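Remarks on the overall topology
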Amino acid sequence: MDTNNKQADERPQEPQEPNVIETASATTSKDNQNSGSFAYVITAVAIGALLVLSLGSAGCVAAIIGSIAQEASSGGHGSTYAPHSNPNSNLNLDDMYNMDFEEFMRQYENELNGYGSTNGSSSSSNKRESGTAPVEDVLDYRIAPYGDTIDDVLGANAYAGAPTDVRDYVRKVVSTDEDYADKLQTVLHATAKDKSSREAKLKEASDLCDEANKAIAALEVPSIGGSNGASVKDMLGSAKIEAAHRWELMKAEIAIIASGDEIETKKLWRADEDVVDSTEEAASLLEDAMEQSAKK
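The structure presented is a predicted model; accordingly, all values stated were derived computationally and were not measured.

Quick look at the overall build of the protein now. Assigned secondary structure in the protein consists of 10 helices and 2 strands. Helices and strands appear in the protein in the N-to-C order α-α-α-α-β-α-α-α-α-α-β-α. Burial statistics for the protein: of 296 residues in total, 38% are counted as buried. As displayed, the protein has an accessible area near 17400 Å², and 51% of this comes from carbon and sulfur atoms.

This is the structure in structure tokens:
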């Protein structure tokens, strides 16, 4: 036996590399194992980012739509001519799911830029322009009697720090105003629905304005102690006068609505703005009085 050949046969053989098979979707190369967990980390981060963006986008859209629907249905505080708890509001939650999103946004923009009709009408008479409009349309406009009360404009934070007697008096003023506003809106809604009783209902609305005026004027301003008590009392008295005057202006607007079958819109808008201005002035005077009373 050839010793050299035997020794050569007994030498350890070098391991042979397996054939590497490459395809479009995979590889059998061992180098593929050297990537470690980094690829999985990148994949997880990417998926997480996509989920966050998806949820964030959905949340933003939901928040926007929710805010739009809430404002349109409740007439939020910043909307001077929004209907106050009006069941005939042009936009509601059902609309969100039953119409195209662009159509919903278009209607919302129309409601912000014009008075709009609470029954969904989009005629040019709903805008703040000169001319005339049928009384049945006017009763369906977003006019001041459907708008904010003194309490809506004042807000809860205005009471902070004011003495109890001052807070109690302010609450009497705003609650009286709120009660009569609710009654007036109920009468006007009924007036808009029933043409046959329109004259009688408008007379009832006018009488409610007189009652509200007298009820607020009858409230007695309390004596306020402290070094600034006299000035606070004067401010509360001025606020009461303005709150009562708001109802005189409301009656004047009702009189315009009751003046005939065709209403001059320029007069209506002017009367409407007078009511809004008076409401804001009364709220401002009450807030100033409470702020002054909180000072030591």
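Read on for the rest.
For the rest of this paragraph, the subject is the pattern of salt bridges. According to the stated counting rule, one finds 6 salt bridges in the structure shown. Between Glu 264 and Lys 267 there is a salt bridge; the shortest N-O distance is 3.8 Å. Among the residues examined, Lys 267 registers a relative accessible area of 44% and is labelled partly exposed.

Direction vectors running N to C along helix α7 (residues 164-193) and helix α9 (residues 229-257) enclose 5°, while the axes themselves pass 11 Å from each other. Taken together, the axis directions place α7 and α9 in an arrangement best described as roughly parallel. Listed contacts from α9 to Val 166, Tyr 169, Val 170, Val 173, Asp 177, Tyr 180, Ala 181, Leu 184 and Leu 188 of α7 are Val 232, Leu 236, Lys 240, Ala 243, Arg 246, Trp 247, Met 250 and Ile 254. Its residues assigned to classes, the contact of α7 with α9 shows 14 nonpolar, no polar and 3 charged.

In this section: the nonpolar core. The tendency in soluble globular proteins is for nonpolar side chains to be buried side by side. Counting residues in each nonpolar core, the largest one holds 55 residues, and the members touching the most others are Leu 154, Val 170, Leu 236, Trp 247 and Leu 286. Once you skip the residues sitting within four places of it in the chain, Trp 247 turns out to touch Asp 177, Tyr 180, Ala 181, Leu 184, Cys 209, Ala 212, Asn 213 and Ile 216.

At their nearest, the axes of α7 and helix α10 (residues 265-293) sit 10 Å apart, and the two run at 170° to each other. Here α7 is positioned roughly antiparallel relative to α10, judged by the angle of their axes. Where α7 approaches α10, its residues Val 166, Val 170, Val 173 and Val 174 are matched on the opposing element by Leu 286, Met 290 and Ser 293.

A cluster of acidic residues, Asp 274, Asp 277, Glu 280, Glu 281, Glu 287, Asp 288 and Glu 291, forms a negative patch on the protein surface. Take Glu 281: it is sitting in helix α10.

Between its terminal C-alpha atoms helix α8 (residues 198-217) stretches 29 Å, which fits the 28 Å expected from 20 residues at 1.5 Å a residue. Taken together, the buried positions of α8 are occupied by Arg 198, Leu 202, Ala 205, Ser 206, Leu 208, Cys 209, Ala 212, Asn 213 and Ile 216. For α8, the angular spread of the buried residues around the axis is 150°, confining them to a single face. Exposed residues on α8 whose side chains face more than 90 degrees from its buried face are Glu 199, Ala 200 and Lys 214. Along its buried surface, α8 packs onto α5 (135-138), α7 and α9.

For Ser 278, the position within the fold is in helix α10. Look at Ser 278 and you get buried, because its relative accessible area is 3%. Setting aside residues no more than four positions away along its own chain, Ser 278 makes contact with Glu 242, His 245, Arg 246 and Leu 249.

Bringing the confidence of the model for the protein into the picture now. Taken over all residues, the pLDDT of the protein has a mean of 73, while the share at 70 or more is 56%. For the stretch residues 106-127, pLDDT sits under 50, and the model shows 47 contacts to residues farther than four places along the chain or on other chains.

Bringing the environment of Gln 185 into the picture now. Turning to its location among the elements, Gln 185 is positioned in helix α7. According to the relative accessible area criterion, Gln 185 is buried, its value standing at 4%. Sequence separation between Gln 185 and Pro 145 is 40 residues; the distance between their C-alpha atoms is 6.6 Å. Within the structure, the side chain of Gln 185 is placed 3.1 Å from the backbone oxygen of Pro 145, a separation counted as a polar contact.

Before going further, it helps to examine the packing of aromatic side chains. For the coordinates displayed, the defined rule picks out 2 aromatic pairs. Ring geometry for Tyr 180 against Trp 247: centres 6.5 Å apart, planes inclined by 70°, an arrangement best described as edge-to-face. Of this pair, Tyr 180 sits in helix α7 while Trp 247 sits in helix α9, placing them 67 residues apart in sequence. Of the two residues examined, Tyr 180 and Trp 247, each falls in the buried class. Above the plane of the ring of Tyr 159 lies Arg 171, whose end atom (NZ or CZ) is 4.7 Å from the centre.

Analysis parameters
- Residues numbered from 1 in each chain as written.
- Predicted model: local features only at pLDDT ≥ 70, side-chain atom pairs only at ≥ 80, totals over all residues.
- Heavy atoms only, no water.
- Helix = DSSP H or I, 4+ residues; strand = E, 2+ residues; numbered from the N terminus.
- Buried < 20%, exposed > 50% of the residue type's maximum accessible area, 1.4 Å probe, protein only.
- Areas by Shrake-Rupley, 256 points an atom, 1.4 Å probe, with all protein chains shown as cover.
- Salt bridge = Lys/Arg side-chain N within 4 Å of Asp/Glu carboxyl O.
- Axes fitted to C-alpha atoms, helices over the stretch in contact; angles between N-to-C directions.
- Parallel < 35°, antiparallel > 145°, perpendicular 65-115°, else oblique.
- Contact = heavy atoms within 4.5 Å.
- Nonpolar A, V, L, I, M, F, W, Y, C, P; charged D, E, K, R; others polar.
- Core = buried A, V, L, I, M, F, W, Y, C linked by side-chain atoms within 4.5 Å.
- Patch = residues over 30% accessible without salt bridge, like charges linked within 9 Å, V, L, I, M, F, W, Y side chains within 5 Å.
- Lys, Arg positive; Asp, Glu negative; His and termini not counted.
- Charge placed at Lys NZ, Arg CZ, Asp CG, Glu CD.
- Expected span 1.5 Å × (residues − 1).
- Arc of directions from axis to C-beta.
- pLDDT = per-residue confidence, 0-100.
- Polar contact = N/O pair within 3.5 Å; in protein donor to acceptor, adjacent residues only side chain to side chain.
- Phe/Tyr/Trp six-rings, centres within 6.5 Å; stacked < 30°, edge-to-face > 60°.
- Lys NZ or Arg CZ within 6 Å of the ring centre and 35° of its normal.

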